[in-house]
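Below are the chains, spelled out letter by letter.
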Amino acid sequence: MNRQDAKGVVLTGYYMNSDSLQPHPGVNCVEEADPSVPSRRTGHYNVQNRSKNAAGKPPYNRCNSQDSLDMDVFWKEVESIGEADTGPKEEVQLKVADEGEHEEAWLTEAGLATLFQESDPDDSDDSKAMLSTLTRTQAAAVEKRVELLKQTMRKRNKQYHVPDVREIFKPPQGSTADPEETQRLGQDSQATERSENGKRDVASSDKAMGNGACPPADQSTLNLETDLNLEVSFAEQALSYRERSKGVESQSQSESEAEDKLPNFKVPPDKTGRTKIGDLAPQDMKMVRRLVLIEMTALFDMGKIDWKSNKVVKLKEKESGLFGVPLATLLEQDQRRVPGTKVPLILQRLISHIEEEGLDTEGLLRIPGVAIRVKALVQELEARFYEGTFSWETLKQHDAASILKFFIRELPHPLLTVEYLSAFISVLKLPTNKQQLQALNLLVLLLPETSRDTLKALMEFFQRVIDHKEQNKMTLNNVAVVMAPNIFMFKGFRNKITEQQEFSMATGTASIVRLLIQYQNLLWTIPRFIINQVREQNTEKQKQKKASKEKGMKRLLKKMTHDRDKPDKQERNTSESDSSQGFIRVQAPEFSKVSMAVQLTEDLQASDILARFLSQESPVPVKREDLCLYEIGGNIKERCLDEEAYMKALLELNPSAEWVIRATQR
């Protein structure tokens, strides 16, 4: 039932996939002691005394090792949230997905709706191009969803035909596999051996993180540096790891505990440069998102994790204001005031105010502001923020931090989104730190741009707080446990889970926030194997387009085919002929530069070209950090290059590309 309070704000309902909220198997827990006996382990925060116990629900279990993350801080934060979020608690409206609905939605989001319904020919060509580039684990993930949908359609007696997608991936009759694919998989296997070597990979023990138990107290990362392979499909690496792990006994408790520190992951140098979110054109990012969804699902399949996205019940939402407004709506109104805004102005201002007051304050983010005063300040901000009349100089630092956390909690949709919240929670079921980090990388890429940019701003702020831990006593673990309930326990969430589920999630959600903060520089990177698949798709679509064009032209102008193709070939090879002569042409039309020839050498990097461009006599009215060298055309629509990218390696990868210097908004 839709409910509305006196202010006319209607709460949003969620369908939660409860499977992901169940306690992880194998948790080393004991039944909670009598809550009437005060102790630090049971907590003084009356966590068990919620109204649910009045309904006769059984007490929940607590993990013996919870003190390693100082979970008392977590439950204290939960109590503080309860005190701050006063007012009537509305029931959340739930909607259970119909059978087969998830598979239809998944295939549609992956750009493969043509596998179960009639569609535009262009969409069919796009689907064929995508299917031709999938790895074996990605193909298996697609097959699984199509088969599940077929079974549902048979039950429904649907008239339209769902093709057997396995035929698409079947090797030609008379051959065991495509030689090119065999070679690629062989290379994948060798690279996987290097990156997933059991002695180098630091397992996040099933007992420590993957199965819902607790990481240790805040410690420095391991001295051992572990390579994070971005060139091979994560699911393929997981498959190789699983095959090597067959018959291998699980680690002992002592080994598990010794390896539970967060490893110092590093990405090996890539001569073609790393690709960050925001470096690609929207057309290529659309393909990235589809591939990432398939890859993430394949990775979960390798971990035997049955993940399904949650469903949101569409209800009326606030259309203006600061708090309780959807991120997209809030950013739209902010962009009318400040074009190009990617993070809500109120959040930016709260962060800058906290930093202006100094990050050395002990207990920053942990110590709450005065609840009554914070509530009044929220109302004052609603009325005066956009007018510019709010008195920031009187805002106390702890109050500002409490308002920041309130802003996150009040979002009508959780920051990690309804669709992927259960997937974030399920990440810790994967067997190694590396696979968990890879899954988080994919999930960050799947988030809507508004959530992703806001999450990044928060993670960067949390890291700056942690950088002052010697003074403010806010270590990585402390920040993680304080912020986890604010990020994961959105409005109405606690009313729909049991206390056992809530405790099972507590350490897990804190661990996820810890990973998001610790590895944020890696998580906002697009893996190279995904970029390579985008290039392959673009190449395949160009071939299809050319073949279709030639087929039509041959019917009408058979004699002109040779003449028509000749100039195209010459035009296509212009940049290739330049590079064969030992130089490349770089254009900068935005700055009235026709082109400049740059000598091509083994050591030439994108940064060298930008430096040469800025050294020319005519001044450029743009800061150095706002300039980017773009790779345009060929097998990529558009890509802002990493300054450490080597131009010769890029030319070998994309010989038909053009090189253009433009201003960009980072």
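Predicted model, so just to flag it, every value in this text is computed and none were measured. (Residues numbered from 1 in each chain as written. Predicted model: local features only at pLDDT ≥ 70, side-chain atom pairs only at ≥ 80, totals over all residues. Heavy atoms only, no water.)

Enquirer: In this structure, what is going on with the pairing of strand β10 (residues 593-599)? I would like to understand it.
Expert: As defined by bridge partners, strand β9 (residues 583-588) adjoins β10 across five bridges and the pair is classed as antiparallel. Bridge pairing links R585 to A597 in β10. The loop that links β9 with its antiparallel partner β10 comprises four residues; one of these, S592, has a positive phi angle of about 60 degrees. (Pairing = 2+ DSSP bridges. Helix = DSSP H or I, 4+ residues; strand = E, 2+ residues; numbered from the N terminus.)

Enquirer: How should the packing of helix α9 (residues 234-245) against helix α17 (residues 433-446) be read in this particular structure?
Expert: The description of two packed helices rests on the angle between their axes and on the distance between the axes. Running from N to C, α9 and α17 point in directions that differ by 160 degrees, and their axes come no closer than 11 Å. Taken together, α9 and α17 sit at an angle that is classed as roughly antiparallel. In terms of crossing hand, the pair formed by α9 and α17 is left-handed. Seen from α9, the contacting residues are F234, Q237, A238 and Y241; seen from α17, they are Q435, Q438, N441 and L442. (Axes fitted to C-alpha atoms, helices over the stretch in contact; angles between N-to-C directions. Parallel < 35°, antiparallel > 145°, perpendicular 65-115°, else oblique. Left-handed = near helix turned anticlockwise from the far one by under 90°. Contact = heavy atoms within 4.5 Å.)

Enquirer: I tried to follow the sheet that holds β10 on my own but got confused; where do I start?
Expert: In any sheet, the strands associate via hydrogen bonds between backbone groups, in a parallel or an antiparallel arrangement. An order of β10-β9-β13-β11-β12 is seen for the five strands of this open sheet, with the pairing classed as mixed. With one partner strand each, in any of the chains shown, β10 and β12 (636-640) form the two edges of the open sheet. Ignoring strand direction, the axes of neighbouring strands in this sheet form an average angle of 25 degrees. As paired elements, strand β11 (residues 627-633) and β12 share four bridges and run antiparallel to each other. Across the sheet, E631 pairs through a bridge with R639, a residue of β12. In the packing of helix α26 (residues 606-614) onto the sheet, the strands contacted are β9, β10, β11 and β13 (658-663), and the crossing angle to β10 comes to about 130 degrees.

Enquirer: Can you walk me through the side chain of R145 in this structure?
Expert: Among the structural elements, R145 can be located in helix α5 (residues 136-156). R145 gets classed as buried once you look at its relative accessible area, which sits at 5%. The residues touching R145, leaving out its near neighbours within four places in the chain, are E103, W106, L107, T297 and D301. (Buried < 20%, exposed > 50% of the residue type's maximum accessible area, 1.4 Å probe, protein only.)

Enquirer: Can you walk me through the pattern of salt bridges in this structure?
Expert: Opposite charge on two side chains makes pairing possible when the charged atoms of those side chains draw close. This model, assessed by the stated rule, comprises 20 salt bridges. With a closest N to O distance of 2.3 Å, E236 and R136 form a salt bridge. Within this pair, whereas E236 is found in helix α9, its partner R136 is found in helix α5, the two being separated by 100 residues in sequence. Overall, the relative accessible area of 1% leaves E236 in the buried class. When its relative accessible area of 38% is taken as the criterion, R136 is described as partly exposed. The salt bridge involving E147 is made with K150; its shortest N-O contact spans 3.9 Å. Here the residue E147 and the residue K150 both occupy positions in helix α5, the gap between them amounting to three residues, near one helical turn. (Salt bridge = Lys/Arg side-chain N within 4 Å of Asp/Glu carboxyl O.)

Enquirer: In this structure, what is going on with the side chain of T525? I would like to understand it.
Expert: Relative to the helices and strands, T525 resides in strand β8 (residues 525-526). Judged by relative accessible area, T525 falls into the buried class, the value being 1%. In contact with T525, other than residues within four places in its own chain, are L230, R274, T275, K276, N441 and L445.

Enquirer: In this structure, what is going on with helix α3 (residues 101-109)? I would like to understand it.
Expert: Residues three or four positions apart in an α-helix share a direction because the helix packs 3.6 residues into each turn. Every buried residue of α3 is listed here: H102, E103, W106 and L107. Down the axis of α3, the smallest arc covering the buried residues is 125 degrees, so these residues share one side. Looking one or two residues past α3, G111 carries a phi angle of roughly 80 degrees, positive in sign. (Arc of directions from axis to C-beta.)

Enquirer: Any chance you could explain the confidence of the model for the protein chain here in plain terms?
Expert: If pLDDT is low for a region, its predicted coordinates should not be looked at in detail. Looking at the protein chain as a whole, the pLDDT averages 77, with 67% of positions reaching at least 70. Taken element by element, the protein chain is modelled with least confidence in helix α10 (residues 253-258), mean pLDDT 36, and with most confidence in helix α18 (residues 449-466), mean pLDDT 97. Considering only residues more than four positions removed or in separate chains, one finds that residues 22-67, a stretch of pLDDT under 50, has 85 contacts. Across residues 251-260, confidence stays below pLDDT 50; counting only partners more than four residues off in sequence or on other chains, it has 15 contacts. (pLDDT = per-residue confidence, 0-100.)

Enquirer: Please clarify how helix α20 (residues 476-488) should be interpreted in this entry.
Expert: Between its first and last C-alpha, α20 extends 18 Å over 13 residues, near the 18 Å set by a 1.5 Å rise per residue. At V482, α20 is bent by approximately 30 degrees, the largest bend along its length, and proline P485 sits one to four residues beyond. Of all 13 residues that make up α20, 13 are buried, and the element is covered over most of its length. (Expected span 1.5 Å × (residues − 1). Bend = angle between axes of the 7 residues up to and from the residue.)

Enquirer: Even after reading the chapter, I still don't get the packing of α5 against helix α11 (residues 282-302), so can you show me in this structure?
Expert: Axis separation between α5 and α11 bottoms out at 8 Å; the angle between their running directions is 85 degrees. By the criterion of interaxial angle, the relationship of α5 to α11 is roughly perpendicular. Of the residues in α11, those in contact with T137, Q138, A141, V142, K144 and R145 of α5 are I294, E295, T297, A298, D301 and M302. For the contact of α5 with α11, the class distribution of residues is five nonpolar, three polar and four charged. (Nonpolar A, V, L, I, M, F, W, Y, C, P; charged D, E, K, R; others polar.)

Enquirer: How should the pairing of β11 be read in this particular structure?
Expert: Where a strand is regular, its side chains alternate between the two sheet faces. Most of β11 sits inside the fold, with five of its seven residues counted as buried. Of the pairings in the sheet, the one linking β11 to β13 comprises six bridges and is antiparallel in character. Bridge pairing in β13 places L627 opposite A663. The hairpin turn running from β11 into β12, its antiparallel successor, is two residues long, and G634 in that turn takes a positive phi close to 75 degrees.

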